[in-house]
Every structure is written in structure tokens, then in C-alpha cells.
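# Overview (structure and organization)
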Amino acid sequence: MRGVESKVVVITGASSGIGAATAKLLAQNGAKVVLGARRGERLERLAGEIGESAAWLQSDSSKLEDMQALTALAREKFGKVDVLFANAGIMPGSDMSEMKVQDWMAMVDINIKGVLNAIAAILPEFIARRGGQIIVTSSIAGTRSVPGNAVYCGTKHFVRAMLDSLRMESVMEGTNIRTTAIYPGAVKTELLNAIAPSQAKTMVEEFYKTTALEPDAIANAVLYAVFQPDNVDVSDLAVRPSRES
């Protein structure tokens, strides 16, 4: 696809779900993809499926040095970075009253700090070049409040506010850094695996079985954003099942 061909895209959370589907789709349309996640064996297998258009590094988005190494790999392998897709995220949902503080902090580490680390690793290059694109996976939960997912909602609201502020700063500074927040609804990924068994989880799982989208639906949204010319900024994309309220 013209507009995507030869672009170099760094993807975090690339070992499964939305990240893996996006990597395959972008590569099929001519992009070079650099894959990061904590599960190296899955990345290696995915990169093998994609072929010479892919590079990978076992990396943890909660560590700035890992994100710097991932972007350095992109430059070493393909000479540049055009797009960052910060997709890594976790959702160990629970009521606040359950006091699962460790889960709260894990979400802050991945869903907030992980995004910031990935941006910090690439932002100097984008500023110097006066161009680049940052796409982040938020969630429909980043547009509303959801009981049983207060901290997760908070992390996804952070993504929305931070990206929009970054977009406005880029306009004021003339750096032409485009930003896109993607808000998936129910999608068949591994996010639910981290939630402890409960009646509520069982109900959600049943809903997902009958209604949730395949990760390809979100991959297509990323492809659409990347396809746009440099003077078009697709700031927000909500993608949810037609049967999800």
C-alpha cells in the first residue's frame, strides 16, 4: 500500500493479539516492523513468519533502556523509525476495595510508564527530523468509567490526555509529530487472562466469546492511520463490536 511502503514501525506488545496482527498487516503492505515484547520466543516465531521485513528484541516497556535498545535496533536494521505503535498493556481488573495494590502498580508500570518510555526513546529523533507518528493503544475504558476496572480506566484516560497534549505541543513547536489514540472495545486478546476468576469475569468471557472482534479489526485501524499523508493527523479512533454498547 502506497503511503505505508518502506515505513519503519516499532511495535511494543508485539508477541500476541493486536500487536502481532498489526505487525503482520503492516508488513504485508510493505512496511518494516521492529517487534518488542517480553516473550522472546513468540517474537522470534512471529518475525520468522514475516521474514526479512521484521526484526525483534525481547524487551520490557517498563524499562527505558529496553525501549532505547528497541529503537536503536530499528535504526541499525532499517536506518530510521517512522512510526511508534505503543501497544503493550495489561488489565488485571478488580474492585478498588480488594486492595490489589501490586496489580495497580503493574498497570501503571506498563500502561503508563511503558508508553512514556517508548515515546522517550523515539521523541528526540522525531523532533530533530521534524516528523514522525506516535500511535498508542488506549481503550474504550479510556473514554468512560468502568466499575471493577478503576485503575485500568485511569491508565487509559492518561493515554488519551497525554497524547492530545503532545499533539498540541507539536503544532505549537512545528515538529509535525502526529499522534493517534486507538480505543478498542471488546477484542479477542490475552488481556482477560490476568483477571482473577470470578462471576463477573465469567460473564465478560461469555460476552467476548460471542461478540468480541478479532485483533485484525484494530490492526486495520492502525494501518489506516499509518496510511495517511504527513499533513493528516487521525487523532482518535474508536473501534468496537457493533453489538457493544
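Look a little higher up for the structure.
The structure reproduced in this document is the subject of the present report.

Rules of the game
Residues numbered from 1 in each chain as written. Predicted model: local features only at pLDDT ≥ 70, side-chain atom pairs only at ≥ 80, totals over all residues. Heavy atoms only, no water. Buried < 20%, exposed > 50% of the residue type's maximum accessible area, 1.4 Å probe, protein only. Helix = DSSP H or I, 4+ residues; strand = E, 2+ residues; numbered from the N terminus. Pairing = 2+ DSSP bridges. Right-handed = clockwise from strand over helix to strand, strands pointing away. Axes fitted to C-alpha atoms, helices over the stretch in contact; angles between N-to-C directions. Contact = heavy atoms within 4.5 Å. Core = buried A, V, L, I, M, F, W, Y, C linked by side-chain atoms within 4.5 Å.

Right, let's get into the pairing of strand β6 (residues 177–184). The buried count for β6 comes to 8 of 8 residues, which makes it a mostly enclosed element. Judged by which residues are buried, β6 turns out to be covered on both faces: Ile-177, Thr-179, Ala-181 and Tyr-183 on one side and Arg-178, Thr-180, Ile-182 and Pro-184 on the other are all buried. Pairing geometry for strand β5 (residues 132–137) and β6, over 6 bridges, is parallel. The residue bridging Thr-137 from the neighbouring strand is Ile-182, located in β6. Between the parallel pair β5 and β6, the chain is carried across by helix α5 (residues 150–173), and the sense of this crossover is right-handed. With 4 bridges joining them, β6 and strand β7 (residues 236–239) adopt parallel strand pairing. Across the sheet, the residue bridging to Tyr-183 is Ala-238, located in β7.

It is worth spelling out the sheet that holds strand β3 (residues 54–58) at this point. Strand pairs in the sheet, formed through backbone hydrogen bonds, run parallel or antiparallel to each other. What the 7 strands build is an open sheet, ordered β3-β2-β1-β4-β5-β6-β7; its pairing is parallel. Sheet topology places β3 and β7 at the edges, where each strand pairs with a single neighbour. Mean inter-strand twist for the sheet, computed between neighbouring axes without regard to direction, equals 15°. Contacts from helix α1 (residues 17–28) reach β1 (8–12), β2 (32–37), β4 (83–86) and β6, with the element oriented near 170° to β1.

With that settled, consider the nonpolar core. Grouped together as the largest cluster of nonpolar side chains are 35 residues, with contacts concentrated most on Ile-11, Leu-26, Val-33, Leu-35, Ile-50 and Ile-135. Mapped onto this core, the elements with two or more residues apiece are β1, α1, β2, α2 (40–50), β4, α7 (216–227) and β7. In this structure Leu-35 touches Ile-11, Ala-14, Ala-23, Leu-43, Leu-46, Ala-47, Ile-50, Ala-55, Trp-56, Leu-57 and Leu-70, once residues within four positions along its chain are discounted. If you look at the next biggest cluster of nonpolar residues, it comprises 28 residues, including Val-34, Ala-55, Ile-140 and Ala-181.

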